[in-house]
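A closer look at the structure
Residue strings, one per chain:
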Amino acid sequence: ASHNLSFEQRLSMIRNKVGRRLLEIVLKKQSNLAVAADVTTSQELLSIASQVGPHICVLKTHVDIIEDWNETVCEQLVHLAKSHQFLIFEDRKFADIGNTVELQFTGGIFHISQWADIVNAHIIAGPGTIQALRKASEHCGILLLAQMSSKGNLAVEEYTQKAIQFAKQYEDAVFGFISMGCIGEPNFIYFTPGVKLEKGGDSLGQQYTDPKTVIGIQKSDIAIVGRGIIHASDRKEAALTYQKACWDAYVQRIGK
Ligand code: BMP
């Protein structure tokens, strides 16, 4: 599947309101960059949010790796998201039966449903996972993992097609995918992790693709960059570099 529509043209095609809000932010900030803030202290998380905030449309968190998470940190993060205008994507990868997912999403010590704008889910357990998330919060948009960036992953072929089918079935709540590029219709938004200006990988199976390939050739919409920015000596500068690289690749693809 391939289309060549602009974000402006696709805005009204997105059924979920978080998805539409995301495209509004993307257009306003001219940023299709998401940063994966994979750090272990709240101080680092908040400092990354304020450093890269102006350059991103989404901040992706793994809240369960923060060793000193608390409600005040959460409030500060939400405040930064409002002032810099980015969405918070908790990369929780829900994968259990609906009842358990509902508890994991709303409860525990993280109360993800109270602050996350976006969460994602595996489809391995069937549609109950999605049903639970959409029942628990209408303020949170859902992404389905349709493909992965890591070596040897099993999210291929029919599995990917099943994810697309589930998304269509729950289009009110599901507005996009984690995928390696555009794998379907323009009414969904495609997020791609494993993005770095230097190709290669890490010692645990991550595989990197550069922004130009991901956005320009594979036609993804939002590039997710972690260590490419997090490990840079100047994170703000690196975020700006990635923002430009991802946006230029989008503008070139659209042909404007
Ligand atoms: P990095 O750019 O440092 O490799 O980080 C990638 C981020 O994207 C991590 O937070 C990881 O959990 C996430 N991710 C991924 O790398 N591949 C996938 O297929 C799905 C992910 O969520």
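- Where an unreviewed UniProt entry is consulted, the protein appears under the name Uridine 5'-monophosphate synthase, with the organism given as Galdieria yellowstonensis.

Quick notes on the packing of helix α3 (residues 42-52) against helix α4 (residues 71-84)
- As a packed pair, α3 and α4 sit with axes 10 Å apart at the nearest point and diverge in direction by 5°. With respect to α4, the axis of α3 lies roughly parallel. Taken together, the residues of α4 that come into contact with α3 (itself represented by S42, L45, L46, A49 and S50) are V73, Q76, L77, L80 and H84.
- Each residue belonging to the contact of α3 with α4 can be placed in one class, and the counts come to six nonpolar, four polar and no charged.

Overview of the pattern of salt bridges
- Per the counting criterion, the structure on display carries 10 salt bridges.
- Notably, a salt bridge pairs D91 with K60, separated by 2.5 Å at the nearest N-O pair. With a gap of 31 residues between them, D91 in strand β3 (residues 87-94) and K60 in strand β2 (residues 58-61) connect regions that are remote in the sequence. Comparing D91 with K60, the two get one shared label, buried.
- The partner of K135 in a salt bridge is E102, and the shortest N-O contact between them spans 3.0 Å. Of this pair, K135 sits in helix α6 (residues 128-136) while E102 is found in helix α5 (residues 98-106), placing the two residues 33 residues apart along the sequence.

Quick notes on the nonpolar core
- L22, L59, L144, F177 and F191 are the most contacted members of the largest nonpolar core, which totals 88 residues.
- Residue contacts for L22: discarding those within four places in its chain leaves C57, V58, L87, F175, I189, F191 and I222.

Concerning the side chain of Q147
- In this structure, Q147 sits in the loop between β5 (141-145) and α7 (157-169).
- Side-chain polar atoms of Q147 contact the backbone nitrogen of M180, separated by 2.8 Å.
- Not counting chain neighbours up to four residues away, the residues in contact with Q147 comprise A155, T160, I178, S179, M180, G181 and I183.

Concerning the sheet that holds β5
- Taken together, the eight strands give a closed barrel; going around it, the order is β1-β2-β3-β4-β5-β6-β7-β10, and neighbouring strands pair in parallel fashion. For this sheet the average axis-to-axis angle between neighbouring strands, irrespective of direction, equals 25°.
- Looking at chain direction, strand β1 (residues 33-36) and β2 are connected through three bridges and run parallel. The partner of V35 across the bridge, within β2, is L59.
- Of the strands in this sheet, β1 and β2 are in contact with α3, which crosses β2 at around 165°.

How each quantity is defined
Residues numbered from 1 in each chain as written. Predicted model: local features only at pLDDT ≥ 70, side-chain atom pairs only at ≥ 80, totals over all residues. Heavy atoms only, no water. Axes fitted to C-alpha atoms, helices over the stretch in contact; angles between N-to-C directions. Helix = DSSP H or I, 4+ residues; strand = E, 2+ residues; numbered from the N terminus. Parallel < 35°, antiparallel > 145°, perpendicular 65-115°, else oblique. Contact = heavy atoms within 4.5 Å. Nonpolar A, V, L, I, M, F, W, Y, C, P; charged D, E, K, R; others polar. Salt bridge = Lys/Arg side-chain N within 4 Å of Asp/Glu carboxyl O. Buried < 20%, exposed > 50% of the residue type's maximum accessible area, 1.4 Å probe, protein only. Core = buried A, V, L, I, M, F, W, Y, C linked by side-chain atoms within 4.5 Å. Polar contact = N/O pair within 3.5 Å; in protein donor to acceptor, adjacent residues only side chain to side chain. Pairing = 2+ DSSP bridges.

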